[in-house]
Amino acid sequence: MPKKNKNPFGIFTESIGLYFSNFGKFIKYMTFPVIGQVVGLLIVFLCTYFYSKNLPILIEKYSAFNNFNTLVLMSVIVAIPGLLIFTKAFWEYLVAYGAINSMLDNMLKSGKVYDFNAHTELIKRRTASFIGLWLLFGIFSIITLCPLFWVPALVLAVYFVLIFQVFTYESELSPIGCVKKSFMLVKGHFLPTFILMTMAGLLTWVFIPQIINNIFNMIGINKFFANLIVPFMDILPLNEINTYFTQFRIPVIKTDDVAILIVTTTVIQILIQYTLPLRSLLFGMWYKELNKFSESKDEKKKKKSSSKRPSEKLMEESHKKYSGASKKLDRNILKRAMEKDEEEE
């Protein structure tokens, strides 16, 4: 059984261990959600590219294509197959945000992950609420595009980092309830949560993608794929852009450089998405730790509120003893009891 850790550094190392001990299964689980998006977009690009290239011939042979409405309709039709694949893969990727959290309990007990379909189905049963949560997340993401909101958005991002964990483990909460609960859990633990986010971000958004991307560059994988897409670069208005750049003595853009940039960006994005399970495990464990702390804190408050103060006990005993009588409790006794309350606090 994995050792329980109660600090961000311990949780960070344990989540890495859980991820890499089940690395093959996670890679298999994430392949369609990640690669499916790339394949879908690639199909959309290729279909629309060859359609536009052959459009003059189609217009010449078929007069119906010499119509704006027909052109728009056909552009949509040729893009549909790729869009369907992309949409399906993108949805499965979003579902993985919740499904992987659902797997955490079994992983903490046995160190292994299994029955991906069952955990995925648990999230899909609550599709409406899940979409609502992603809509809230999307609105927040759009707001962060404005530079004026970058600093407050960063702070709120720390408070809202556990919304998908809350959604998975507390099914009775609404999307807004998930946001509130995440805020409540992180409140009082902002700094360790921020440290955990920073470590997870550096590992899965910087170190792992850059290391693997550099390896790909060294062995020529990126160059190989860049050469494959160079013939399609003629759709870009590079000549016009370079003419404008030369006026301001800006270095011209080469077709090969654009192709390398596209491949490198795609590879890094794929690697970031493949490490989603690592981030989910990490924040799932942090949610459990903060939730455990919150529950113990609530229990202490309940015990404290249910226990009677000495002055209250004395008043109650006096009431029972002198009920119906004309005697009253000595003020000095009550004063001493209240002073005892203050000393205990």
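The shown structure was predicted, so the numbers you read here are calculated from the model rather than taken from an experiment.

Procedures and definitions
Each chain has its residues counted from 1, following the order in which its sequence is written. Whole-chain, interface and lining totals are the exception, using all residues; otherwise, since this is a predicted model, local features are given only for residues with pLDDT of at least 70 and side-chain atom pairs are given and counted only at 80 or more. Excluding hydrogens and water, the side-chain values take into account all heavy atoms of the structure. Runs of H or I in DSSP of at least four residues are treated as helices and runs of E of at least two as strands, each being numbered from the N terminus. Relative accessible area decides the class of each residue, using a 1.4 Å probe on protein chains only: under 20% of the type maximum gives buried, over 50% gives exposed, and in between gives partly exposed. Any two residues whose heavy atoms approach within 4.5 Å are treated as being in contact. All accessible-area figures derive from a Shrake-Rupley calculation using a 1.4 Å probe, and residue coverage is judged against the displayed protein chains alone. What a helix should span is 1.5 Å times the count of its residues minus one. Across the chain, bend at a residue is computed as the angle between axes fitted to the seven residues ending at that point and the seven starting from it. Between N or O atoms, a polar contact is any pair within 3.5 Å; within protein, one atom must be a potential hydrogen donor and the other a potential acceptor, and residues adjacent in sequence are included only when both atoms are from side chains. Side-chain atoms within 4.5 Å link the members of a nonpolar core, which is a set of buried Ala, Val, Leu, Ile, Met, Phe, Trp, Tyr and Cys residues. Pairing of aromatic rings covers Phe, Tyr and Trp, the last through its six-membered ring, and needs centres within 6.5 Å; plane angles under 30 degrees mean stacked, over 60 mean edge-to-face, and all others mean tilted. Geometrically, a charge over a ring is one whose NZ (Lys) or CZ (Arg) sits within 6 Å of the ring centre while staying within 35 degrees of the ring normal. For every residue, the predictor assigns a confidence score, pLDDT, that lies between 0 and 100. We define a salt bridge as a side-chain nitrogen of Lys or Arg found within 4 Å of a carboxyl oxygen belonging to Asp or Glu.

A. Spatial organisation of the overall build of the protein chain. For the protein chain, the helix and strand inventory stands at 17 helices and 0 strands. Split into buried and exposed, the 345 residues of the protein chain put 34% on the buried side. In the protein chain, the proportion of contacts linking residues at least 24 apart, taken out of those at least 6 apart, comes to 77%. Accessible surface computed for the protein chain: about 21700 Å², of which carbon and sulfur atoms make up 66%.

B. A look at helix α4 (residues 68-102). Taking 1.5 Å of rise per residue, 35 residues should cover 51 Å, and α4 covers 50 Å from first to last C-alpha, within 8% of that figure. Of all the bends found along α4, the most pronounced is centred on Ile80 and spans about 45°, while Pro81, a proline, follows it within four residues. A side-chain oxygen of the first residue of α4 lies 2.9 Å from the backbone nitrogen of Asn69; this N-cap is Asn67.

C. Representation of the nonpolar core in the model. The biggest cluster of nonpolar side chains holds 51 residues, and the ones touching the most others in it are Phe26, Met30, Ile100 and Leu162. The element contributing the most residues to this core is helix α15 (residues 276-306), with 9 residues. If sequence neighbours within four positions are ignored, Ile100 has contacts with Phe26, Tyr29, Met30, Leu276, Pro277, Ser280 and Leu281. By size, the runner-up hydrophobic cluster in this structure holds 5 residues, among which are Ala226, Val263, Val267 and Leu271.

D. Local environment of the packing of aromatic side chains. Applying the stated criterion to the full structure yields 31 aromatic pairs. Consider the rings of Phe224 and Phe225, whose centres lie 5.3 Å apart with planes at 75°: the pair is edge-to-face. Chaining the aromatic ring pairs together yields one cluster made of Trp91, Tyr93, Tyr97, Phe130, Trp134, Phe137, Phe164 and Phe167. If you follow Arg126 out to its NZ or CZ, it ends over the ring of Phe167, 3.7 Å from the centre. Over the aromatic face of Tyr169 sits the side chain of Lys288, whose NZ or CZ is 4.3 Å from the ring centroid.

E. Region of the structure containing unusual backbone geometry. Residue Asp115 is not a glycine yet carries a positive backbone phi of 55°. Inspection of the secondary structure assignment puts Asp115 in the loop between α5 (104-110) and α6 (116-124). For Asp115, a relative accessible area of 45% gives the class partly exposed. You will see that Arg249, though not glycine, has its phi angle at about 55°, which is positive. Within the element layout of this structure, Arg249 appears in the loop between α13 (238-247) and α14 (255-274).

F. Broad picture of the confidence of the model for the protein chain. Chain-level statistics for the protein chain give a pLDDT mean of 86 and a share of 84% at 70 or above. Across the protein chain, helix α10 (residues 175-186) holds the top mean pLDDT of 96, while helix α17 (residues 331-344) sits lowest at 54. Long-range and interchain partners of residues 324-329, a stretch whose pLDDT sits below 50, account for 5 contacts in this model, where long-range means more than four residues apart.

G. Fine view of the side chain of Asn242. For Asn242, the position within the fold is in helix α13. Non-local contacts of Asn242, meaning those with residues more than four positions away in its chain, are made with Val252 and Ile253.

H. Region of interest: the environment of Leu203. Tracing the backbone shows Leu203 in helix α11 (residues 190-219). Classification of Leu203 as buried rests on a relative accessible area of 18%. Measuring from C-alpha to C-alpha, the distance between Leu203 and Leu278 comes to 9.7 Å, with 75 residues separating the pair along the chain. Each residue touching Leu203, except ones within four places of it in the same chain, is listed here: Phe12, Ile16, Ile208, Pro209 and Leu278.

I. Summary view of the environment of Thr266. Mapped onto the fold, Thr266 is located in helix α14. Since its relative accessible area comes to 31%, Thr266 is described here as partly exposed. A C-alpha to C-alpha distance of 8.2 Å links Thr266 and Val38, two positions 228 residues apart in sequence. Polar contacts involving the side chain of Thr266 include one to the main-chain carbonyl oxygen of Ile262, which spans 2.7 Å.

J. Here's a closer look at the pattern of salt bridges. Counting across every chain of the model gives 5 salt bridges. Measuring nitrogen to oxygen at the nearest pair gives 2.6 Å for the salt bridge that ties Lys288 to Asp105. You can see Lys288 sitting in helix α15 and its partner Asp105 sitting in helix α5, a full 183 residues away along the chain. For Lys288, a relative accessible area of 25% corresponds to the partly exposed category. Here Asp105 falls in the partly exposed class, since its relative accessible area comes to 31%. As a salt-bridge pair, Lys181 and Glu170 come within 2.5 Å of each other at their nearest N and O atoms.

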